[in-house]
Amino acid sequence: MYDYDLLVVGSANADLVIAVERRPGAGETVLGGDLAVHPGGKGANQAVAAARLGARTVLLARVGDDAHGRLLLESQRAAGVDTVGVLVGGAPTGVALITVDPSGDNSIVVSPGANGRLTPTDIRAAGSLFHASRVVSAQLEIPLETVVEVVRGIAPDSRFVLNPSPPRPIPAEVLAACDPLIVNEHEARVVLGDACVSERPEDWARLLLAKGPRSVVVTLGAEGALVADAQGVARVPSVKVAAVDTTGAGDAFTAALAWRLGTGASLTEAAAYAARVGAAAVTKRGAQESFPTEEEVARL
């Protein structure tokens, strides 16, 4: 019996958000709205999103001993996430600078801060959390060597989910553990590199699968997603909604998919559910504030 449905290993940031009429070009200054500070970071976002849906969730991350760190801890606990794995100190809390335009699209620059101090030693020290978790999810806002150690620490009967964001080349050892590897269009192109010789997402999915993951999911925004495994490639539709802010939607998708896989859902079933969760998330502003409950997803 597992103590947790999902262990999220990853980043925790303070999101500093400014609404703009349009994003600035090189050398250009634009005026924006009032600055808003929200709890964020891909790891913290995924943990909150899963907990809101009802998953028993624990977060393994590092924050600074500062106001932003306290904000992040409070937001996790308020959502019902177990913060026993959150380490404090070593550097200031990570910060994400986010601009959001009227269409809801965003641009993000991240200062890793304490996220960059989450080390392989920290992962080994948290071995009990890995053995207590049905599914383990990670991203790439923490050091790559730390993600490698995550893969090595996963229990034999647990499942590993990776969203390689921000994207970079991924070691074969990590790729081989992914079930699934979850990428958007930009991430797919970076991970594929020179092998990305097609403009068709179906081809990206097949090429990514050939790199070693046990399964692959390619998210397509308003167009839904593609899932690929040994049985082939299938398209999963999304729900049409009026997008307000896409910040955190990918994290909501990943968390929902990881949790549903742990409950025994097939990859296609889990991706279809995750697409509904992601659609619900874009109808509200912010990241964690926008994540839906199970009841809100059901209403879609």
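Figured I'd write up the structure that's included with this text. Please read these numbers as outputs of a predicted model, since none were measured by experiment.

## Here's the deal with the environment of Phe130
Here is step 1 of the chain: Mapped onto the fold, Phe130 is located in helix H4 (residues 127-131).
Here is step 2 of the chain: Judged by its relative accessible area of 1%, Phe130 falls in the buried class.
Here is step 3 of the chain: C-alpha separation for the pair Phe130 and Ile154, spaced 24 residues apart in sequence, amounts to 5.6 Å.
Here is step 4 of the chain: For Phe130, the contacting residues outside a window of four places in its chain are Leu7, Val9, Leu60, Ile123, Val136, Val150, Gly153, Ile154, Ala155 and Ser158.

## Comments concerning the side chain of Lys42
Here is step 1 of the chain: Here Lys42 is to be found in helix H1 (residues 42-53).
Here is step 2 of the chain: Judged by relative accessible area, Lys42 falls into the buried class, the value being 17%.
Here is step 3 of the chain: Of the polar contacts made by the side chain of Lys42, one reaches the side chain of Asp251; its length is 3.2 Å.
Here is step 4 of the chain: Ignoring anything within four residues of it in the chain, the contact list for Lys42 reads Ser11, Gln139, Glu141, Asn163, Ser165 and Asp251.

## Digging into the side chain of Ser290
Here is step 1 of the chain: Checked against the element boundaries, Ser290 lands in the loop between helix H10 (267-281) and helix H11 (294-299).
Here is step 2 of the chain: Residue Ser290 is classed as buried on the basis of its relative accessible area, which comes to 1%.
Here is step 3 of the chain: A polar contact is formed between the side chain of Ser290 and the backbone oxygen of Ala281, at a distance of 3.3 Å.

## Let's talk about the pattern of salt bridges
Here is step 1 of the chain: Throughout the structure, instances matching the rule amount to 19 salt bridges.
Here is step 2 of the chain: For Glu149, the salt bridge goes to Arg152, with nearest N and O atoms at 4.0 Å. Of the two residues, Glu149 and Arg152 both sit in helix H5 (residues 144-153), three residues apart, roughly one turn of that helix.
Here is step 3 of the chain: One network of salt bridges, in which partners are shared, links Arg200, Glu202, Asp203, Arg206 and Arg235.

## So, the environment of Pro164
Here is step 1 of the chain: In this fold, Pro164 is placed in the loop between strand S9 (159-163) and helix H6 (172-177).
Here is step 2 of the chain: Looking at Pro164, the relative accessible area reads 0%, which means it is buried.
Here is step 3 of the chain: Filtering out sequence-adjacent residues up to four positions away, Pro164 remains in contact with Leu140, Ile170, Leu181, Ile182, Val183, Glu187 and Val191.

## Regarding unusual backbone geometry
Here is step 1 of the chain: A cis geometry characterises the amide bond from Ser165 onward to Pro166, with omega recorded as -5°.
Here is step 2 of the chain: By secondary structure assignment, the location of Pro166 is in the loop between S9 and H6.
Here is step 3 of the chain: Pro180 follows Asp179 through a cis peptide bond whose omega is 15°.
Here is step 4 of the chain: When you line up the elements, Pro180 lands in strand S10 (residues 178-183).

## Comments concerning the packing of aromatic side chains
Here is step 1 of the chain: A full pass over the atoms with the stated rule returns one aromatic pair.
Here is step 2 of the chain: Taking the centre distance of 6.3 Å and the plane angle of 65° together, the rings of Trp259 and Tyr273 count as edge-to-face. Here Tyr273 lies in helix H10 and Trp259 lies in helix H9 (residues 249-262), a separation of 14 residues in the sequence. You'll find Trp259 and Tyr273 in the same group, each marked buried.

## Considering the sheet that holds strand S13 (residues 232-236)
Here is step 1 of the chain: Spatially, the nine strands line up as an open sheet ordered S5-S4-S1-S8-S9-S10-S11-S12-S13, and their pairing is mixed. On the outer flanks of this sheet lie strand S5 (82-88) and S13, each paired with one strand and no other. Across the sheet, the mean angle from the axis of one strand to that of its neighbour is 15°, orientation sign disregarded.
Here is step 2 of the chain: Where strand S1 (residues 4-9) lies against strand S8 (residues 133-139), five bridges are found, and the strand directions are parallel. Bridge pairing in S8 links Val9 to Ala138.

## Quick look at empty space enclosed by the protein
Here is step 1 of the chain: On inspection of all chains with the given rule, the structure shows one cavity of 30 Å³ or more.
Here is step 2 of the chain: Roughly 30 Å³ of internal volume is contained in the largest cavity.
Here is step 3 of the chain: In terms of lining residues, the largest cavity is bounded by Ala12, Leu59, Val63, Leu72, Leu73, Gln76 and Val86.
Here is step 4 of the chain: Looking at the lining of the largest cavity, the elements that each hand over two or more residues are strand S4 (57-63) and helix H2 (67-79).
Here is step 5 of the chain: Looking at the lining of the largest cavity element by element, the count peaks at three residues for H2.
Here is step 6 of the chain: Residues of the lining of the largest cavity, tallied by class, amount to six nonpolar, one polar and no charged.

## A few points about the sheet that holds strand S7 (residues 106-111)
Here is step 1 of the chain: Strand order in the open sheet formed by four strands is S3-S2-S6-S7, and the pairing between neighbours is mixed. Bordering the open sheet on either side are strand S3 (36-40) and S7, each of which pairs with just one other strand. Within this sheet the neighbouring strands show an average axis-to-axis angle of 25°, counted without direction.
Here is step 2 of the chain: The pairing of strand S6 (residues 94-100) with S7 spans six bridges and is classified as antiparallel. Bridged to Val95 within S7 is Ser111.
Here is step 3 of the chain: Contacts from H2 reach strand S2 (13-19), S3 and S6, with the element oriented near 60° to S3.

About the criteria used
- Residues numbered from 1 in each chain as written.
- Predicted model: local features only at pLDDT ≥ 70, side-chain atom pairs only at ≥ 80, totals over all residues.
- Heavy atoms only, no water.
- Helix = DSSP H or I, 4+ residues; strand = E, 2+ residues; numbered from the N terminus.
- Buried < 20%, exposed > 50% of the residue type's maximum accessible area, 1.4 Å probe, protein only.
- Contact = heavy atoms within 4.5 Å.
- Polar contact = N/O pair within 3.5 Å; in protein donor to acceptor, adjacent residues only side chain to side chain.
- Salt bridge = Lys/Arg side-chain N within 4 Å of Asp/Glu carboxyl O.
- Phe/Tyr/Trp six-rings, centres within 6.5 Å; stacked < 30°, edge-to-face > 60°.
- Pairing = 2+ DSSP bridges.
- Axes fitted to C-alpha atoms, helices over the stretch in contact; angles between N-to-C directions.
- 1 Å grid on protein atoms, 1.4 Å probe; cavity = no way out; pocket = protein on both sides within 12 Å on 5 of 7 lines; lining within 4 Å.
- Points joined across faces, edges and corners; volume = space filled by probe spheres on them.
- Nonpolar A, V, L, I, M, F, W, Y, C, P; charged D, E, K, R; others polar.

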